[in-house]
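What follows is the residue order along each chain.
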Amino acid sequence: MFKIFKAELFKCRHNMSFFLSLLASVPLGVLYTVICELDKTLSMAEILSGVVSYYNIFFIVMIAMYVTNDYEKGTIKAIMASGASKSKIYFGRLLVSIFISEIMFILAFIGAYVWCVFKDIPMISSSMPWTITQFAESVGVQMLIVAIYAMIGYFISVLAKKQIPAMIISIVVINFEPLAIGKLSELLGKDLSILNFMSMIEQIEMLNLSGKVLIGTGIFALVVFVATFVIGTAVFKHRDV
């Protein structure tokens, strides 16, 4: 598995499109802050807590490009011929997807933070007081959400195998997930709001990092990982590449 991880990272390091995407992450973080500056009431805390929701499509696009590139060029066959089991290949490439997404998020976050400091945006506001602990939790939860985006994008890309369909389906799934959870809650007669992804992100942006939000994000991440890994591995194992 770790051989696959190292090999895939090596391949990404020598892929110009991924290198340029990483370089673009910092200025994109700056751009996000510039847009947020239009609302003069926002503090640095509020701006930085929303980085992940602003770039969710960016993460999805990059993961779809990474995963489907091997299918469209036929290089997936060379990976399969490496001798590693399909489960290890699937999981190793999933880890790379998450790693790439986290690096892009961190770079975008740094870009946003540096611009906030440069523009002397106040750390807190009277309506949004916060602590260092809340800040650390916000960053941690956003990184967990990035991992969820990566898992969903990776899973759909493996199923679709084509770049454009993978991007479109991933974006649709992420944006319509709250509606699906609402319908499922009605059908089962149970409150499943803890699994409403967009609601959790809104709470994080408001720095409302209560125990319920943190637990909800963790549960959601676990559900997404188990579901996508089990189904994705089964599909990957039993179909020709």
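Residues numbered from 1 in each chain as written. Predicted model: local features only at pLDDT ≥ 70, side-chain atom pairs only at ≥ 80, totals over all residues. Heavy atoms only, no water.

Colleague: Go over unusual backbone geometry, please, and point to the residues and values.
Modeller: A positive phi angle, close to 55 degrees, is found at D120, a residue other than glycine. Residue position: D120 is located in the loop between helix 7 (86-118) and helix 8 (132-160). The phi angle at K161 is positive, at roughly 70 degrees, despite the residue not being glycine. Along the chain, K161 falls in the loop between helix 8 and helix 9 (163-188). (Helix = DSSP H or I, 4+ residues; strand = E, 2+ residues; numbered from the N terminus.)

Colleague: Explain the confidence of the model for the protein chain to me, using residue names and the numbers behind them.
Modeller: Averaged over every residue, the pLDDT of the protein chain is 79; the share at 70 or more is 85%. Mean pLDDT across the elements of the protein chain bottoms out in helix 10 (residues 197-205) (63) and peaks in helix 7 (89). (pLDDT = per-residue confidence, 0-100.)

Colleague: Which residues make up the packing of helix 5 (residues 56-73) against helix 7, and what values do they have?
Modeller: Relative to each other, helix 5 and helix 7 sit at 145 degrees, their axes nearing to 10 Å. Relative to helix 7, the crossing made by helix 5 is right-handed. Residues F58, F59, M62, I63, Y66, V67 and D70 of helix 5 form the contact with helix 7, whose participating residues are R93, V96, S97, I100, S101, M104 and F105. Here the contact of helix 5 with helix 7 is composed, by residue class, of 10 nonpolar, 2 polar and 2 charged. (Axes fitted to C-alpha atoms, helices over the stretch in contact; angles between N-to-C directions. Left-handed = near helix turned anticlockwise from the far one by under 90°. Contact = heavy atoms within 4.5 Å. Nonpolar A, V, L, I, M, F, W, Y, C, P; charged D, E, K, R; others polar.)

Colleague: Describe a nonpolar patch on the surface, naming the residues involved and giving the relevant values.
Modeller: A surface patch of nonpolar side chains, about 580 Å² in accessible area, is lined by I106, I110, Y113, V114, V117, M123 and I124. Among the structural elements, V117 can be located in helix 7. (Patch = residues over 30% accessible without salt bridge, like charges linked within 9 Å, V, L, I, M, F, W, Y side chains within 5 Å. Areas by Shrake-Rupley, 256 points an atom, 1.4 Å probe, with all protein chains shown as cover. Salt bridge = Lys/Arg side-chain N within 4 Å of Asp/Glu carboxyl O.)

Colleague: An account of helix 5 is needed here, citing residue identities and associated values.
Modeller: Across its 18 residues, helix 5 extends 26 Å between first and last C-alpha, which sits within 8% of the 26 Å expected from 1.5 Å per residue. Taking the largest bend as the criterion, helix 5 deviates by roughly 30 degrees, centred on V67. Residues of helix 5 that are buried: N56, F58, F59, I60, M62, I63, A64, Y66, V67, T68, D70 and Y71. Immediately beyond the C-terminal end of helix 5, within one or two residues, lies G74, with a positive phi of roughly 80 degrees. (Expected span 1.5 Å × (residues − 1). Bend = angle between axes of the 7 residues up to and from the residue. Buried < 20%, exposed > 50% of the residue type's maximum accessible area, 1.4 Å probe, protein only.)

Colleague: Can you tell me about the environment of S125, naming the residues and giving the values?
Modeller: Here S125 lies in the loop between helix 7 and helix 8. Among the residues examined, S125 registers a relative accessible area of 16% and is labelled buried. Note: C-alpha distance between S125 and L42 (83 residues apart in sequence) is 7.5 Å. Discounting chain neighbours no more than four positions away, the residues touching S125 are T41, S43 and E46.

Colleague: Requested: an account of the state of the cysteines, with residues and values cited.
Modeller: For the coordinates displayed, the defined rule picks out 0 disulfides. Residue C36 stays outside any disulfide, its sulfur separated by 7.7 Å from that of C116, the closest cysteine. (Disulfide = S-S within 2.5 Å.)

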